[in-house]
Structure formats: C-alpha cells, structure tokens
Amino acid sequence: MRRMREFDSLTLALEPWFDTPLSDLPDAIRKRVVEEFFPMPWDDLSAEQRRSGALQMDYQHDPATEQDQQRWWDFWQEVEDLKRQIGQWEAVAAPTATERIRIGISTPLFEVSPPFPSESIVKFVPKVSDRP
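Keep in mind that this is a model prediction, so the values were computed, not measured. Each chain has its residues counted from 1, running along the sequence as written. Local features in a predicted model are, by the rule used here, given only for residues with pLDDT of at least 70; side-chain atom pairs are given and counted only at 80 or more, and totals for whole chains, interfaces and linings are based on all residues. With hydrogens and water set aside, each side-chain value is computed from the structure's full complement of heavy atoms.

### Brief notes about the confidence of the model for the protein
Line of reasoning, step 1. Scored from 0 to 100, pLDDT records how confident the predictor is in each individual residue. For the protein, mean pLDDT is 79; residues scoring 70 or higher make up 64% of the total.
Line of reasoning, step 2. Whether two residues touch is decided by their heavy atoms; if any such pair falls within 4.5 Å, the residues are in contact. pLDDT under 50 marks residues 120-125. Its contacts with residues more than four places away, or in other chains, come to 19 contacts.

Now the structure itself:
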C-alpha cells in the first residue's frame, strides 16, 4: 500500500490571515505566503482571491486528490488524442457531401462526454443505412 505524504493545508494555515496585508503577517506565515503565492503579489489580491488561490493550491498538492487529478488529466489527454485522430482522418479522406450521405456519415462524427459516470467517453454517432 502506498503511503501518503503529510499534507499541510495552506487554506487552513491562512484562514485567519486572508484579509491581512503581507507586512502584518507573522514571519512564518509571511514566508509561506511569499513562497506559495509567487509570482502573485499578496497585497494586490483581495481576501477572496487569496482564499481561492489557497484552495486551488491545496487541491493541487493534496495527496487525497491525486486520483481525481490523474483521471481528469487522462480524460483531457484522450480528448486531445481523439481530436488529433479526427483531424488525421479528415485530412486523409475528405469525401464530398454526396459521398458522406451515401455512406451514412453526418456531422459530428464523434460525441465526447465527461468520463463520469461511465468509463466510455466516445460514442460513434453516424448511423449506417441497411442499403449497400
């Protein structure tokens, strides 16, 4: 079993400080803010922007979200691969409108849906007629 690294939530650490200027933060908190928020200047952000940034950084660094992040990474990689494949097929064979109708292809060629709740993300759309 893989052991999860310890996670120190930035949001929880900064909760009482989101509305405080950088110069008024305790030294340890100020140092963490400068490191974590670089290159965003703390004093140029509203309290809500600071909180939102901390939540986003927590999501990116929390080991508990690794599987979710990987699932979405894989999904978007698959979408890009499908777009590339579609582009290749369209470049190789560009039938006329009449030919597309004859073989039963209508646009769009594929429907892509989010990977939840099913594992399948691509569904072939065209209906092929029974006629040869």
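### Overview of helix α2 (residues 27-37)
Line of reasoning, step 1. Considered for burial, the residues of α2 that qualify are I29, R32, V33 and F37. What you see down the axis of α2 is that its buried residues fit within an arc of 105°, all on one side. The exposed residues of α2 that point more than 90 degrees off its buried face are D27, A28, K31 and E35. Think of it in three bands: with a 1.4 Å probe and only protein chains considered, a residue is buried below 20% of the maximum accessible area for its type, exposed above 50%, and partly exposed in between. A run of H or I in DSSP counts as a helix once it spans at least four residues, and a run of E counts as a strand once it spans at least two, with each numbered from the N terminus. Relevant arc is that of directions from the helix axis to the C-beta atoms, nothing else.

### Focus: unusual backbone geometry
Line of reasoning, step 1. Following F38, the chain continues into P39 via a peptide bond in cis, with omega recorded as 10°.
Line of reasoning, step 2. Its location among the elements puts P39 in the loop between α2 and α3 (47-61).

### Quick notes on the packing of aromatic side chains
Line of reasoning, step 1. Only Phe, Tyr and Trp rings are paired, with Trp represented by its six-membered ring, and only when their centres lie within 6.5 Å; those with planes under 30 degrees apart are stacked, over 60 edge-to-face, the remainder tilted. Under the defined criterion, the tally for this structure stands at 3 aromatic pairs.
Line of reasoning, step 2. Judged by centre distance (5.1 Å) and plane angle (85°), the ring pair of F37 and W42 falls under edge-to-face. Comparing F37 with W42 shows no difference in burial state: the two are buried.
Line of reasoning, step 3. With centroids separated by 5.5 Å and ring planes inclined at 90°, the aromatic side chains of W72 and F75 adopt a geometry described as edge-to-face. Taken together, the residues W72 and F75, both in helix α4 (residues 66-92) and 3 residues apart, mark about one turn of the helix.
Line of reasoning, step 4. Classification of W72 by relative accessible area gives partly exposed; the value is 29%.

### Topic: α3
Line of reasoning, step 1. Between its first and last C-alpha atoms α3 spans 21 Å; for 15 residues at 1.5 Å apiece the expected length is 21 Å, and the two agree.
Line of reasoning, step 2. All buried positions along α3 are accounted for by R50, G53, A54, M57 and D58. Buried residues along α3 cover an arc of 140° about the axis, so they all sit on one side.
Line of reasoning, step 3. In this fold, the buried residues of α3 make contact with α1 (10-14) and α2. Take the residue count of a helix, subtract one, and multiply by 1.5 Å to get its expected span.

### A closer look at the nonpolar core
Line of reasoning, step 1. Note on terminology: a nonpolar core comprises buried Ala, Val, Leu, Ile, Met, Phe, Trp, Tyr and Cys residues joined through side-chain atoms within 4.5 Å. With 11 residues, the main nonpolar core is built from L10, L14, F18, L25, I29, V33, F37, W42, L45, A54 and M57.
Line of reasoning, step 2. Sorting the residues of this core by element identifies α1, α2 and α3 as the ones contributing at least two each.
Line of reasoning, step 3. With 3 residues, the single largest contributor to this core is α2.
Line of reasoning, step 4. Contacts of I29, omitting those with residues within four sequence positions, involve A13, L14 and W17.

### Let's talk about the pattern of salt bridges
Line of reasoning, step 1. The term salt bridge refers to a side-chain nitrogen of Lys or Arg lying within 4 Å of a carboxyl oxygen of Asp or Glu. Counting across every chain of the model gives 8 salt bridges.
Line of reasoning, step 2. One salt bridge in this structure joins D27 and R30, with 2.3 Å as the shortest N-O distance. Within this pair, D27 and its partner R30 are both found in helix α2, separated by 3 residues, close to a single helical turn.
Line of reasoning, step 3. Through salt bridges with shared partners, one network takes in D8, R32 and E36.

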